[in-house]
Amino acid sequence: MKKKFLSAVLAAAMVLTMTACGNDTQAPAPEADNAAPAQTEAPAETESAGDEAEAAPADNAGGDGKTYIIATDTVFAPFEFNDASNNFVGIDVDLLAAIAEDQGFTYELQPLGFDAALLAVESGQADGVIAGMSITDERKEKFDFSDSYYDAGVTMAVAKGSEVASFEDLSGKTVAVKTGTNGSAFAKSIAEEYGFEIVEFSDSPTMYQDVITGNTVACFEDYPVMAYNIQQGAGMEMPGDVNESQTPYGFAVKKGQNAELLSMFQAGLANIKENGKYDEIISTYTK
Ligand code: GLN
């Protein structure tokens, strides 16, 4: 009990440190279960900046005229989401833009949804994916990853005022997960032990909504994403039972493919970590 309380306090403290004073973007909340996330307009092709970055691979610095298709999630704030002015923004969106500018490559960002983004890369319909995607050993069998640009663990979240305070309280109940995510894998790994059922959703806002309306009693989501949404007013809370293992986020390409894109991403990430741009982007969304 004490431990849970302590982790709740810690979690609350982290929320405050990580997400105090964000912008006042509406927490995404589609009206119904079947609400597809609002179609986001992919930003127009990013113009090649033509900067010769120091660490760029010699054979492809400045790009070769190719427009890379990069897949992402639809709504996964603060990593990708539509802001109050309906611009598609976020840590992933800005990091990719800064890295492409640094390396001088051109891309088109396609917000397909998380599971769909991974499938698009696997099937060769997209060249890369940046979607708050956790680097896991299982995924390394299908994807090549960049270095990590963020770390996140999975948390359980419930509707505000819910009596569900721990995994034990999930017994005999149904929880919501997002298809193909770490949160889903974690929920599945403990479902039998705690005796709960699982329903899957293809996007985070629909999953939250299902919990808020009480169809399901909890969901499993990446901690910083849940914290951000709660801070933005989502009617949910994190009771404190969290999976503490932190998984790094990386940019990914299909295994063995697009090596030049991956090395440009790597080089650009290293450059923007060095020149302060990376910190600037992170603090834009997490201050
Ligand atoms: N980080 C989680 C994963 O990789 C969730 C990503 C997401 O929902 N966009 O599974």
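Remember, it's a predicted structure, so these values are computed and weren't measured experimentally. (Residues numbered from 1 in each chain as written. Predicted model: local features only at pLDDT ≥ 70, side-chain atom pairs only at ≥ 80, totals over all residues. Heavy atoms only, no water.)

(A) Focus on the site of the ligand. Neighbouring the ligand are 13 residues, the closest being Gly132, Arg139, Lys178, Asn182 and Asp222. Contacts to the ligand include aspartate 73, whose side-chain N or O atom sits 2.9 Å from a nitrogen atom. Interatomic distance of 2.7 Å between a side-chain N/O atom of lysine 178 and an oxygen atom of the ligand. Protein contacts shield 100% of the accessible area of the ligand, which totals 300 Å² for the unbound molecule. Per-class residue counts for the shell around the ligand are 5 nonpolar, 4 polar and 4 charged. (Near = heavy atom within 4 Å. Polar contact = N/O pair within 3.5 Å; in protein donor to acceptor, adjacent residues only side chain to side chain. Areas by Shrake-Rupley, 256 points an atom, 1.4 Å probe, with all protein chains shown as cover. Nonpolar A, V, L, I, M, F, W, Y, C, P; charged D, E, K, R; others polar.)

(B) Structural context of the confidence of the model for the protein. With 76% of its residues at a pLDDT of 70 or more, the protein has an overall mean of 83. Throughout residues 1–61 the model reports pLDDT below 50, and contacts reaching past four residues in sequence, or to other chains, amount to 103 contacts. (pLDDT = per-residue confidence, 0-100. Contact = heavy atoms within 4.5 Å.)

(C) Seen up close, the pairing of strand S7 (residues 150–159). The buried fraction of S7 is high, at 9 of 10 residues. Where S7 meets strand S10 (residues 218–222), 4 bridges bridge the pair, whose relative direction is antiparallel. In the sheet register, methionine 156 faces S10, and the bridge partner there is phenylalanine 220. In this structure, S7 lies alongside strand S11 (residues 236–237), joined through 2 bridges in antiparallel fashion. Each bridged residue has a counterpart across the sheet, and for alanine 159 the counterpart in S11 is methionine 236. (Buried < 20%, exposed > 50% of the residue type's maximum accessible area, 1.4 Å probe, protein only. Helix = DSSP H or I, 4+ residues; strand = E, 2+ residues; numbered from the N terminus. Pairing = 2+ DSSP bridges.)

(D) Spotlight on the packing of aromatic side chains. One pass over the structure, following the stated rule, counts 16 aromatic pairs. Here the aromatic rings of tyrosine 68 and phenylalanine 105 are separated by 5.8 Å at their centres, their planes lie at 90°, and the arrangement is edge-to-face. Residue tyrosine 68 is located in strand S1 (residues 67–72), and its partner phenylalanine 105 is located in the loop between helix H2 (91–103) and strand S4 (106–111); the two are separated by 37 residues in the primary sequence. Each member of the pair, tyrosine 68 as well as phenylalanine 105, is classed as buried. Through a chain of ring-to-ring contacts, three or more aromatic side chains come together here, namely Phe76, Phe79, Tyr149, Tyr150 and Tyr249. For the cation-ring pair, lysine 273 lies above tyrosine 278, with the distance from its terminal atom to the ring centre recorded as 5.4 Å. (Phe/Tyr/Trp six-rings, centres within 6.5 Å; stacked < 30°, edge-to-face > 60°. Lys NZ or Arg CZ within 6 Å of the ring centre and 35° of its normal.)

(E) Representation of the environment of glutamate 280 within the structure. Along the chain, the position of glutamate 280 falls in helix H9 (residues 277–286). The spatial distance from the C-alpha of glutamate 280 to the C-alpha of leucine 95 is 10.0 Å, given a sequence separation of 185 residues.

(F) The arrangement of the pattern of salt bridges in detail. A complete count under the given rule lists 7 salt bridges for this structure. For the salt bridge of aspartate 73 with lysine 178, the shortest nitrogen-to-oxygen distance reads 2.6 Å. Within this pair, whereas aspartate 73 is found in the loop between S1 and strand S2 (81–82), its partner lysine 178 is found in strand S8 (residues 174–178), the two being separated by 105 residues in sequence. A single burial state applies to aspartate 73 and to lysine 178, both of which are buried. (Salt bridge = Lys/Arg side-chain N within 4 Å of Asp/Glu carboxyl O.)

(G) Structural detail: helix H6 (residues 204–212). Most of H6 sits inside the fold, with 8 of its 9 residues counted as buried. Turning to H6, its buried residues are Ser204, Pro205, Thr206, Met207, Tyr208, Gln209, Asp210 and Val211. Against S7, S8, strand S9 (197–201), S10, helix H7 (223–231) and S11 lie the buried residues of H6. A positive backbone phi angle near 90° is found at glycine 214, which sits one or two residues after H6.

(H) Structural detail: the environment of threonine 74. Checked against the element boundaries, threonine 74 lands in the loop between S1 and S2. For the pair formed by threonine 74 and proline 111, sequence separation is 37 residues and the distance between their alpha carbons is 4.8 Å.

(I) Main features of the packing of H2 against H9. Direction vectors running N to C along H2 and H9 enclose 160°, while the axes themselves pass 10 Å from each other. It follows from the interaxial angle that H2 and H9 lie roughly antiparallel. Note that H2 runs across H9; the crossing there is right-handed. In this structure, H2 uses Ile91, Asp94, Leu95 and Ala98 to contact H9, whose residues at the interface are Lys277, Tyr278, Ile281, Ile282, Tyr285 and Thr286. Taken together, the residues that form the contact of H2 with H9 break down as 7 nonpolar, 1 polar and 2 charged. (Axes fitted to C-alpha atoms, helices over the stretch in contact; angles between N-to-C directions. Parallel < 35°, antiparallel > 145°, perpendicular 65-115°, else oblique. Left-handed = near helix turned anticlockwise from the far one by under 90°.)

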